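Working through the structure, step by step
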Amino acid sequence: MLKVMSTYVFLRQRLHPGLLEILCRSGAQGIEIFAARQHFDYTSRVHVREIADWLRSNTLEFSSLHAPLFSDSEMGRGGAPSVNVVHPDKSRRIDAMDEVKRALEVAEQAPFKFLILHLGEREDRWNQRTLEHAMTAIEHLKAFARPLGVKLLLENIPNEVTRPENLLEILSIGHFTDVGISLDLGHAHAGEGVHATLEQLKALVCEVDIHDNHGMKDEHLWPGTGSIDWAAAMTGLHGLPQLCPAVLEIACQPEESPEAVVQRAAETFARLEL
């Protein structure tokens, strides 16, 4: 599996080549960039060009871009609404899709393979209308992403909309054969369980997000510091029908130095035998 680090671990900092150099030292072969304006301003051609220039002159693969969760530079703390492509209000859905398209345009300067998309927010419910909104959003964003060489991946998050059976229904009814799944093991552990989620979605998994928690909430801890059975989880991952990137998506800890991040990431890649 391709060893990938998410820049989520540096979410509180502006992304710059120095941080990418740090991720390289961890043994990562690729990166997933988290599209948050205070971290990676995908609307700034100057910032995008800075990252694109570094990527062109280095071997680190730009594997995926995580779609924005908010359109402001404060992650919603200032009152900005979330980016929710299945929101009941049509204007909110349109605004959300426009924001995701702004992020997708990064591929014009810095090509990447996958866009990781959330369907809804934590408390969003599953119903017929949500299904329709999801299919409309996927069709629209898929058409925008295709000429850029980007494939959409839907992530299982802590809500009803992205339970494994509902993701399968969305993809089946919409005939979205060219849309895949980003399997988040931490979210699965706090939801239906890693094994159950993996068994239902394994045929469609194109990327795996790796982080830990204690089974109660989404903590994005280093593997081994929560309660996931990593031996069983890795056995399941190695049985996937296709090799896919394994993304370490660890929450930012202000007290953790860049050197500590490098060391813990390298140890994690080795321990999980990625």
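Note: the structure precedes this text.
The rules we used
Residues numbered from 1 in each chain as written. Predicted model: local features only at pLDDT ≥ 70, side-chain atom pairs only at ≥ 80, totals over all residues. Heavy atoms only, no water. Helix = DSSP H or I, 4+ residues; strand = E, 2+ residues; numbered from the N terminus. Rg over C-alpha atoms; globule rule 2.2 N^0.38 Å. Buried < 20%, exposed > 50% of the residue type's maximum accessible area, 1.4 Å probe, protein only. Axes fitted to C-alpha atoms, helices over the stretch in contact; angles between N-to-C directions. Parallel < 35°, antiparallel > 145°, perpendicular 65-115°, else oblique. Left-handed = near helix turned anticlockwise from the far one by under 90°. Contact = heavy atoms within 4.5 Å. Nonpolar A, V, L, I, M, F, W, Y, C, P; charged D, E, K, R; others polar. Pairing = 2+ DSSP bridges. Right-handed = clockwise from strand over helix to strand, strands pointing away. Phe/Tyr/Trp six-rings, centres within 6.5 Å; stacked < 30°, edge-to-face > 60°. Salt bridge = Lys/Arg side-chain N within 4 Å of Asp/Glu carboxyl O. Polar contact = N/O pair within 3.5 Å; in protein donor to acceptor, adjacent residues only side chain to side chain.

Structural notes on the overall build of the protein chain
When its secondary structure is counted, the protein chain shows 9 helices and 8 strands. By the compact-globule yardstick of 19 Å for 274 residues, the protein chain fits well, its C-alpha radius of gyration being 17 Å. Considering only C-alpha atoms, the protein chain reaches an extent of 50 × 45 × 35 Å along its principal axes. Counting the 274 residues in the protein chain, one finds 54% classified as buried.

Side note on the packing of helix 5 (residues 164–173) against helix 7 (residues 194–201)
The contact between helix 5 and helix 7 brings their axes to 9 Å, and the two run at 15°. When the interaxial angle is binned, helix 5 and helix 7 end up roughly parallel. Like other packed secondary-structure pairs, helix 5 and helix 7 cross with a definite hand, here right-handed. Contacts from Pro-164, Glu-165, Leu-167 and Leu-168 in helix 5 reach Thr-197, Gln-200 and Leu-201 in helix 7. Taken together, the residues that form the contact of helix 5 with helix 7 break down as 4 nonpolar, 2 polar and 1 charged.

Considering the pairing of strand 7 (residues 205–210)
The two faces of the sheet receive side chains in turn, since in a regular strand these alternate between them. Most of strand 7 sits out of view: 6 of its 6 residues are buried. Across 4 bridges, the pairing between strand 6 (residues 180–184) and strand 7 is parallel. Pairing of Leu-183 across the sheet is with Val-208, part of strand 7. Where strand 7 lies against strand 8 (residues 246–248), 3 bridges are found, and the strand directions are parallel. Across the sheet, the residue bridging to Val-208 is Ala-246, located in strand 8. Read from strand 7 through helix 8 (residues 230–238) to strand 8, the crossover connection turns out right-handed.

Comments concerning the sheet that holds strand 1 (residues 3–6)
Pairing between the strands of a sheet comes from backbone hydrogen bonds, and it takes one of two forms, parallel or antiparallel. Pairing is parallel in the closed barrel, where 8 strands are placed in the order 1-2-3-4-5-6-7-8. Averaged over neighbouring strand pairs, the angle between their axes works out to 30° when direction is ignored. When strand 1 meets strand 2 (residues 30–34), the two strands line up parallel, connected through 3 bridges. By the bridge assignment for strand 2, Val-4 is matched with Gly-30.

Points about the packing of aromatic side chains
Scanning all chains against the criterion turns up 2 aromatic pairs. Ring geometry for Phe-62 and Phe-112: centres 5.1 Å apart, planes at 40°, overall tilted. Residue Phe-62 is found in strand 3 (residues 61–66), and its partner Phe-112 is found in the loop between helix 3 (90–104) and strand 4 (114–117); the two are separated by 50 residues along the sequence. For Phe-62, a relative accessible area of 7% puts it in the buried group. Overall, the relative accessible area of 4% leaves Phe-112 in the buried class.

Thoughts on the pattern of salt bridges
If you walk through the whole model with that rule in mind, you get 13 salt bridges. The salt bridge partner of Glu-160 is Arg-125, with a shortest N-O separation of 3.0 Å. Separated by 35 residues along the polypeptide, Glu-160 in the loop between strand 5 (151–155) and helix 5 and Arg-125 in the loop between strand 4 and helix 4 (128–145) bring together distant segments of the chain. Residue Arg-264 is joined to Glu-256 by a salt bridge in which the shortest nitrogen-to-oxygen separation is 3.1 Å. Owing to a relative accessible area of 16%, Glu-256 belongs among the buried residues under this scheme.

Focus: the side chain of Asn-159
Here Asn-159 lies in the loop between strand 5 and helix 5. Judged by relative accessible area, Asn-159 falls into the buried class, the value being 8%. Of note is the side chain of Asn-159, whose polar atom sits 3.3 Å from the backbone nitrogen of Val-161. When neighbours within four sequence positions are excluded, Asn-159 is seen to be in contact with Leu-119, Gly-120, Glu-121, Arg-122 and Asp-124.

Comments concerning the packing of helix 4 against helix 5
Following both chains from N to C, one finds helix 4 and helix 5 inclined at 60°, their axes separated by 10 Å at the closest point. With respect to each other, helix 4 and helix 5 are oriented oblique. Every pair of crossing elements has a handedness; the one defined by helix 4 and helix 5 is right-handed. For the pair helix 4 and helix 5, the contacting residues are Leu-131, Ala-134, Met-135 and Ile-138 in the first and Glu-169, Ile-170 and Ile-173 in the second. By residue class, the composition of the contact of helix 4 with helix 5 is 6 nonpolar, no polar and 1 charged.

That's the geometry; what it means functionally is another story.
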